[in-house]
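# Examination of the molecular architecture
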Amino acid sequence: MTRRMWQRAMIGLARSHRMTCFMQQSRATSFLSRRFVAGGTPADAVDYAQNLLAEHGIRSSLFYLGEYVDDRGKVSENLRNKLDVATLLAGSGLDLHISVDPTQIGYQVDPALSYANAESIAARIRAGIGNRVGAHCLMFDMEDAAVVDPTIALHDHLHAQGYPVALTLQAYLRRTLDDLEAQVAQGARVRLVKGAFAADGTVAHRSQQAIKANFRKLIARMLSRRARDQGFYPIIATHDTDLHGFARTTAADHGWSPGEYEFEMLLGVRSDVARALAAQGERVRLYTPFGRDWWPYAVRRIGENRRNAILLARSLIA
Ligand SMILES: Cc1cc2nc3c(=O)[nH]c(=O)nc-3n(C[C@H](O)[C@H](O)[C@H](O)COP(=O)(O)OP(=O)(O)OC[C@H]3O[C@@H](n4cnc5c(N)ncnc54)[C@H](O)[C@@H]3O)c2cc1C
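The structure contained in this document is the topic of the report that follows. In this text, all values refer to a predicted model and were calculated from it rather than measured experimentally.

Right, let's talk about the site of the ligand for a bit. Around the ligand, the structure places 26 residues, and the nearest of them are Met-142, Gly-195, Thr-238, His-239 and Arg-301. Here a nitrogen atom of the ligand and a backbone polar atom of Met-142 are 2.7 Å apart. Every element with two or more residues in the shell around the ligand is listed here: strand S4 (165-170), strand S5 (189-193) and strand S7 (262-266). The greatest single-element share of the shell around the ligand, amounting to 3 residues, is contributed by S7. Looking at side-chain class alone, the shell around the ligand contains 9 nonpolar, 7 polar and 10 charged residues.

In structure tokens:
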């Protein structure tokens, strides 16, 4: 089975309502949720983040599970969980990101609702920071190509008002170098990922080789001397060890010290690599989902690597 076919099959499993209900209720699959998810509630997630920092010196980016939501009840539930995390952060001593998809907080219901909700989360985070400059921020995840412009506009709107926000950009999109230039110019915080979506060849790089080449070009820009002078903060979010090496060399060549940029990876994926980077003095963060709706997320993670077939087989035959 090709990488693309495997990924499509896993996306099909992630979208199946029956499969989701079955898997989330089965005790046999609890090992999967423990691997990829930090627990069911905001308090579980903040405890997890505290332990990760204490034991491994690794920071967290917390994400309440549930995407592409088009009913107001679910939007309110998502908002409540994000706000609860933001409240728990005040006084926690953590340096934590709260990750948000615009479609989770109402973009598909009414774009104005997503603006109001994003602002209330950012305001709650800002209230909890006190005078700890650089601590905590609202990180906008990036979804499919259709919502890139609205997501950037929402980020820029809050950034211009001085809220602690950050933006994810995707190396698979051809437009990203231009988007990155605009973020460097405003001294923003940007998390660079390869991109978990596919799009037409006119707007996107389609081969892994081309995406990786673009990722390098973007790292060079993020870790340039000019970006540093602008007060830009780079977050390199990949499990690709070649790209980690390239970023570290580029950073050192251009006068960046560890801690002035960071690496981010996903909970449950290459934790050996994350720990090794942290042990070598790099700042490392783990994207840490929480919530009860974990199957669609976990099966998409499984779909990113065919070697994970063994995990899937174990959950299906257990
Ligand atoms: C912190 C973070 C935030 C993200 N946010 C977004 C977002 O907002 N929008 C978006 O479109 N995408 C997002 N992604 C997903 C991203 O776009 C990629 O799909 C994903 O990270 C896999 O690409 P990679 O860079 O790790 O490289 P790959 O080439 O896929 O992986 C590099 C190596 O890492 C290992 N590996 C990678 N994934 C797995 C896995 N699931 N299981 C086991 N081993 C694995 C393998 O050894 C592989 O050889 C995010 C990723 C991270 C790390």
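The subject of this paragraph is helix H9 (residues 208-222). With 15 residues, H9 extends 21 Å between its outermost C-alpha atoms, agreeing within 8% with the 21 Å of an ideal straight helix rising 1.5 Å per residue. When H9 is considered as a whole, its buried residues turn out to be Ile-211, Asn-214, Phe-215, Leu-218, Ile-219, Arg-221 and Met-222. Here the buried residues of H9 occupy an arc of 155° about the axis, which is enough to place them on one side. The exposed residues of H9 that point more than 90 degrees off its buried face are Gln-209 and Lys-217. Of the surrounding elements, those touching the buried residues of H9 are helix H8 (176-185), S5, helix H10 (225-229), strand S6 (233-237) and helix H11 (241-253).

The tally for this structure, following the rule as stated, stands at 5 aromatic pairs. Look at Tyr-261 and Phe-263: their rings are 5.9 Å apart centre to centre, the planes differ by 85°, and that puts the pair in the edge-to-face class. The burial state of Tyr-261 is the same as that of Phe-263; both residues are buried. Taken together, Phe-63, Tyr-287 and Tyr-297 form an aromatic cluster joined through their ring pairs. It is Arg-216 that lies over the ring of Phe-246; its NZ or CZ is 5.0 Å from the centre.

Here we come to the sheet that holds strand S2 (residues 97-100). Spatially, 8 strands are ordered S1-S2-S3-S4-S5-S6-S7-S8 in a closed barrel, and the strand pairing comes out parallel. Ignoring strand direction, the axes of neighbouring strands in this sheet form an average angle of 30°. Bridge count for S4 against S5 is 4 bridges, and the pairing is parallel. Paired with Thr-168 across the two strands is Arg-191, which belongs to S5. Sheet strands in contact with helix H6 (residues 111-129) are S2 and strand S3 (137-140), and its direction is about 145° off that of S3.

This part is about the side chain of His-136. Topologically, His-136 is positioned in the loop between H6 and S3. On the accessibility criterion, His-136 (0% relative accessible area) is buried. Side-chain polar atoms of His-136 contact the backbone nitrogen of Leu-96, separated by 3.1 Å. When residues no more than four places from it in sequence are discounted, the contact partners of His-136 are Leu-89, Ser-92, Leu-94, Asp-95, Leu-96, Ile-125, Ile-129, Pro-164 and Arg-189.

Here the structure, examined in full by the defined rule, presents 15 salt bridges. Among the salt bridges present, the one from Glu-260 reaches Arg-228, with a minimum N-O distance of 3.0 Å. In this pair, Glu-260 is assigned in the loop between H11 and S7 and Arg-228 in helix H10, connecting sequence segments 32 residues apart. Given a relative accessible area of 29%, Glu-260 falls into the partly exposed group. In this structure Arg-228 comes out as partly exposed when scored by relative accessible area, which is 33%. Asp-272 is the partner of Arg-270 in a salt bridge, and the nearest nitrogen-oxygen pair spans 3.4 Å. A relative accessible area of 40% places Arg-270 in the partly exposed class. Overlapping salt bridges bring together Arg-59, Asp-95, Glu-262 and Arg-285 as one network.

Among the nonpolar cores identified, the biggest contains 66 residues, and Leu-138 and Leu-158 are the most heavily contacted of them. Residues contacting Leu-158, with those up to four places away along its chain left out, are Ala-118, Glu-119, Ala-122, Leu-138, Phe-140, Tyr-163 and Val-165. In this structure, Ala-14, Leu-32, Phe-36 and Val-37 belong to the second largest nonpolar core, which totals 20 residues.

What counts and how
- Residues numbered from 1 in each chain as written.
- Predicted model: local features only at pLDDT ≥ 70, side-chain atom pairs only at ≥ 80, totals over all residues.
- Heavy atoms only, no water.
- Near = heavy atom within 4 Å.
- Polar contact = N/O pair within 3.5 Å; in protein donor to acceptor, adjacent residues only side chain to side chain.
- Helix = DSSP H or I, 4+ residues; strand = E, 2+ residues; numbered from the N terminus.
- Nonpolar A, V, L, I, M, F, W, Y, C, P; charged D, E, K, R; others polar.
- Expected span 1.5 Å × (residues − 1).
- Buried < 20%, exposed > 50% of the residue type's maximum accessible area, 1.4 Å probe, protein only.
- Arc of directions from axis to C-beta.
- Contact = heavy atoms within 4.5 Å.
- Phe/Tyr/Trp six-rings, centres within 6.5 Å; stacked < 30°, edge-to-face > 60°.
- Lys NZ or Arg CZ within 6 Å of the ring centre and 35° of its normal.
- Pairing = 2+ DSSP bridges.
- Axes fitted to C-alpha atoms, helices over the stretch in contact; angles between N-to-C directions.
- Salt bridge = Lys/Arg side-chain N within 4 Å of Asp/Glu carboxyl O.
- Core = buried A, V, L, I, M, F, W, Y, C linked by side-chain atoms within 4.5 Å.

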